[in-house]
Amino acid sequence: MTSEVLAGRVYQINISNGGVPKWPVPSAWVTYLGIEGDRHRSPGHGGPERALCLFSLEVIRLLQAEGHPIVPGAAGENLTLEGLDFAALHPGDRLRIGDAVLIELTRHTTPCVNIAGCFKDGDFTRILQTKFPGHSRMYARVLQEGEIVTGDPVYLVSRTAQTEG
């Protein structure tokens, strides 16, 4: 598509057998229900509207600079992305990852106690969208399945006018 804009890249792909942290893998097959081989420990995670969890490498680095012991994958994200302006992303925006995978952002995630260890004071609300806009992880639905590889480009395919309030 000629309207696609290069927005960033896949820094790390993360999976686990359940819970956090999620560990890096060099490549993965993305299905309509998420990354093949990834599992969730708690009910309420996963499903078609939350097939993927995305997080910003830049936000992770900012949190590390504040003294938090967070690393890519520790907050349960499937994809750690580099170069995307998470503050400018909104539910409804569509991203293409690599050559095949197309996703649509569905909502900002609500952090829970399971990731408290990522924060020096245990205050996992440090990445709550309503308190710290642009520092939240985001959920996405998968519109087109396919393989992704660490380092794949991420393209902004379309942007929505929708904002969360």
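Since the model is a prediction, treat every value here as computed from it, not as a measurement. (Residues numbered from 1 in each chain as written. Predicted model: local features only at pLDDT ≥ 70, side-chain atom pairs only at ≥ 80, totals over all residues. Heavy atoms only, no water.)

A.B. asks: Could you give an account of the overall build of the protein, naming the residues involved and the relevant values?
C.D. replies: Scanning the protein from N- to C-terminus turns up 1 helix and 11 strands. Its C-alpha atoms give the protein a radius of gyration of 14 Å, near enough to 15 Å, the size a compact globule of 165 residues would have. For the protein, the spread of C-alpha atoms along the three principal axes comes to 45 × 35 × 25 Å. For the protein, buried positions account for 49% of its 165 residues. Counting only contacts in the protein whose residues sit at least 6 apart along the sequence, the fraction spanning at least 24 positions is 70%. Surface accessibility of the protein: about 7,700 Å² in total, with carbon and sulfur atoms responsible for 54%. Computed over 15 positive and 18 negative side-chain charges, the inter-centroid distance for the protein is 5 Å. (Helix = DSSP H or I, 4+ residues; strand = E, 2+ residues; numbered from the N terminus. Rg over C-alpha atoms; globule rule 2.2 N^0.38 Å. Buried < 20%, exposed > 50% of the residue type's maximum accessible area, 1.4 Å probe, protein only. Contact = heavy atoms within 4.5 Å. Areas by Shrake-Rupley, 256 points an atom, 1.4 Å probe, with all protein chains shown as cover. Lys, Arg positive; Asp, Glu negative; His and termini not counted. Charge placed at Lys NZ, Arg CZ, Asp CG, Glu CD.)

A.B. asks: Tell me about the pairing of strand β8 (residues 101-108), and name the residues and values.
C.D. replies: Extensive coverage of β8 is indicated by the burial of 7 of its 8 residues. One ladder, built from 4 bridges, connects strand β7 (residues 94-97) with β8; its direction is antiparallel. If you follow Arg 96 over to β8, its bridge partner there is Leu 102. Note that β8 and strand β9 (residues 138-144) share 6 bridges and pair antiparallel. From the neighbouring strand, Leu 102 faces β9, where its bridge partner is Gln 144. (Pairing = 2+ DSSP bridges.)

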